[in-house]
Amino acid sequence: MSNENKLIHKFDFNFICDFFSTTKRQGPGSREVTLKALSFIDNLTDKSLIADIGCGTGGQTMTLAEHVEGKITGLDLFPKFIDIFNENVKELNLQDRVKGIVGSMDNLPFQNEELDLIWSEGAVYNIGFERGLNEWCKFLKTGGYIAVSDISWFTDKRPAEIENYCMMNFPEMDTIPYKVAQIQKAGYIPVATFILPENCWTEHYFAPLIRAQELFHHKYAASKIAKEFVAFQHYDEEIYHKYKEFYGYVFFIAKKIGQ
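This structure is a prediction, so every number in the text was calculated from the model and none was measured.

Asker: Help me understand the overall build of the chain in this model?
Answerer: Each helix and strand in the chain was counted, giving 9 helices and 7 strands. Across the 259 residues of the chain, 53% fall into the buried class. Within the chain, contacts between residues separated by at least 24 positions form 79% of all contacts whose residues are at least 6 apart in sequence. Carbon and sulfur atoms form 51% of the exposed surface of the chain, whose accessible area is close to 12,200 Å². Averaged over its 27 positive side-chain charges, the chain has a centre that lies 1 Å from the centre of its 35 negative ones.

Asker: Just checking my understanding: could you explain the state of the cysteines for this structure?
Answerer: Working definition of a disulfide: a covalent bond connecting the sulfur atoms of two cysteines. Within the structure shown, the criterion is met by 0 disulfides. Sulfur of cysteine 17: no disulfide; nearest cysteine sulfur belongs to cysteine 55 and is 11 Å away. Relative accessible area serves as the criterion here: at 5%, cysteine 17 is assigned to the buried category. Not part of a disulfide, cysteine 200 finds its nearest cysteine sulfur in cysteine 166, a span of 17 Å. A residue is classified by how much of its surface remains accessible, and cysteine 200, at 0% relative accessible area, is buried.

Asker: What is the right way to look at the nonpolar core in this model?
Answerer: Side chains of a nonpolar character, in soluble globular proteins, are inclined to be buried together. Counting 57 residues, the largest nonpolar core has Phe20, Trp119, Ile162, Trp201, Tyr247, Phe251 and Ile253 as its most contacted members. Of all the elements, helix 9 (residues 224-243) adds the most residues to this core, at 8 residues. Not counting residues up to four positions away in its chain, the partners in contact with tryptophan 119 are Thr34, Ala37, Leu38, Ile41, Ala51, Asp52, Ile53, Gln60, Leu64, Ala147 and Phe251. By size, the runner-up hydrophobic cluster in this structure holds 26 residues, among which are Ile53, Phe110, Ile176 and Tyr188.

Asker: Mind showing me how you'd approach the environment of glutamate 203 here?
Answerer: Structurally, glutamate 203 can be placed in helix 8 (residues 199-219). Taking the C-alpha atoms as reference points, glutamate 203 and leucine 92, 111 residues apart in sequence, are found 24 Å from one another.

Asker: Help me understand the pattern of salt bridges, please; the structure alone is not making it clear to me.
Answerer: Per the stated rule, a full pass over the model turns up 11 salt bridges. The partner of glutamate 198 in a salt bridge is lysine 244, and the shortest N-O contact between them spans 2.7 Å. Here lysine 244 lies in the loop between helix 9 and strand 7 (247-256) and glutamate 198 lies in the loop between strand 6 (188-195) and helix 8, a separation of 46 residues in the sequence. Residue classification places lysine 244 among the partly exposed residues on the basis of a relative accessible area of 29%. One continuous salt-bridge network, built from bridges that share partners, spans Asp18, Lys80 and Lys219.

Asker: Mind showing me how you'd approach the sheet that holds strand 7 here?
Answerer: Hydrogen bonds along the backbone pair up the strands of a sheet, which may run parallel or antiparallel. Read from one edge to the other, the open sheet built from 7 strands follows the order 3-2-1-4-5-7-6, with strand pairing classed as mixed. Of all the strands in the sheet, the pair left with one neighbour each is strand 3 (98-102) and strand 6. Averaged over all adjacent pairs, the angle separating strand axes in this sheet is 20°, with direction ignored. Pairing of strand 2 (residues 71-76) with strand 3, which is carried by 5 bridges, proceeds in the parallel orientation.

Asker: Teacher, can you tell me more about unusual backbone geometry here?
Answerer: The phi angle of most residues is negative, glycine excepted, and most peptide bonds adopt the trans form. Here the phi dihedral of asparagine 93 falls at roughly 55°; this positive angle occurs in a residue that is not glycine. Inspection of the secondary structure assignment puts asparagine 93 in the loop between helix 4 (79-91) and strand 3. A residue is classified by how much of its surface remains accessible, and asparagine 93, at 60% relative accessible area, is exposed.

Asker: Help me understand the packing of helix 2 (residues 31-38) against helix 3 (residues 59-67) in this model?
Answerer: A pair of packed helices is captured by two measures, namely the crossing angle of their axes and the spacing between those axes. Look at helix 2 against helix 3: their axes get within 10 Å of each other, and the N-to-C directions meet at 50°. Taken together, the axes of helix 2 and helix 3 lie oblique to each other. At the point where helix 2 passes helix 3, the crossing takes the right-handed sense. For the pair helix 2 and helix 3, the contacting residues are Arg31, Thr34, Leu35 and Leu38 in the first and Gln60, Thr63, Leu64, Glu66 and His67 in the second. Along the lines of polarity and charge, the residues of the contact of helix 2 with helix 3 split into 3 nonpolar, 4 polar and 2 charged.

Thresholds applied
Residues numbered from 1 in each chain as written. Predicted model: local features only at pLDDT ≥ 70, side-chain atom pairs only at ≥ 80, totals over all residues. Heavy atoms only, no water. Helix = DSSP H or I, 4+ residues; strand = E, 2+ residues; numbered from the N terminus. Buried < 20%, exposed > 50% of the residue type's maximum accessible area, 1.4 Å probe, protein only. Contact = heavy atoms within 4.5 Å. Areas by Shrake-Rupley, 256 points an atom, 1.4 Å probe, with all protein chains shown as cover. Lys, Arg positive; Asp, Glu negative; His and termini not counted. Charge placed at Lys NZ, Arg CZ, Asp CG, Glu CD. Disulfide = S-S within 2.5 Å. Core = buried A, V, L, I, M, F, W, Y, C linked by side-chain atoms within 4.5 Å. Salt bridge = Lys/Arg side-chain N within 4 Å of Asp/Glu carboxyl O. Pairing = 2+ DSSP bridges. Axes fitted to C-alpha atoms, helices over the stretch in contact; angles between N-to-C directions. Parallel < 35°, antiparallel > 145°, perpendicular 65-115°, else oblique. Left-handed = near helix turned anticlockwise from the far one by under 90°. Nonpolar A, V, L, I, M, F, W, Y, C, P; charged D, E, K, R; others polar.

Given below as structure tokens:
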């Protein structure tokens, strides 16, 4: 693949949405990891208001809804994701306290200090980790929590191939200690940080993509862009297996402190 074809952002967002609408999760993660992150949050009641920002089709949101009693709003830019999200809500009979809405993470439809918890798995990079921490903070009550997973470096130095690949696709990517410092600077107390295990990539992300790729090939059999997109997915998996000791997704859980 050329360098151009290694860049996820060269593909139309609607094209990406169409591909990932057939998968339960749109990035690395798992039910177990969602629950582990949730275990560090201790202030939730049936009155709590929760926002899952960049929720996708809601794989992690449904897990949250099964284990917390508060009201959850899932927000995503893509209407197709939200349609699937709300279908999942109906199937689980959660309509009374879970809903999906179309919206942008840089223009959230919440009131200041309205939320008890902001959740975001694998999506904050779209606005930037530091920007998300700073801009979303005002929507949290004092003592409220933020829990986000984001791609991060495990080491200070890494091979040029993985450095170039990640910097093209995640230009603000940084190390775990640097991100913890950003959390503190943004007005939070770091509560917990942990690396997502390998099965979040292999079992819960790459394996389901095989079926998604088959469906995509069938739907866009004559499309050169579709073939390039699937080739990008293959390269993404290849480079993960080659360099997984240098990077991965990390969950960051933090608590908003009073000013």
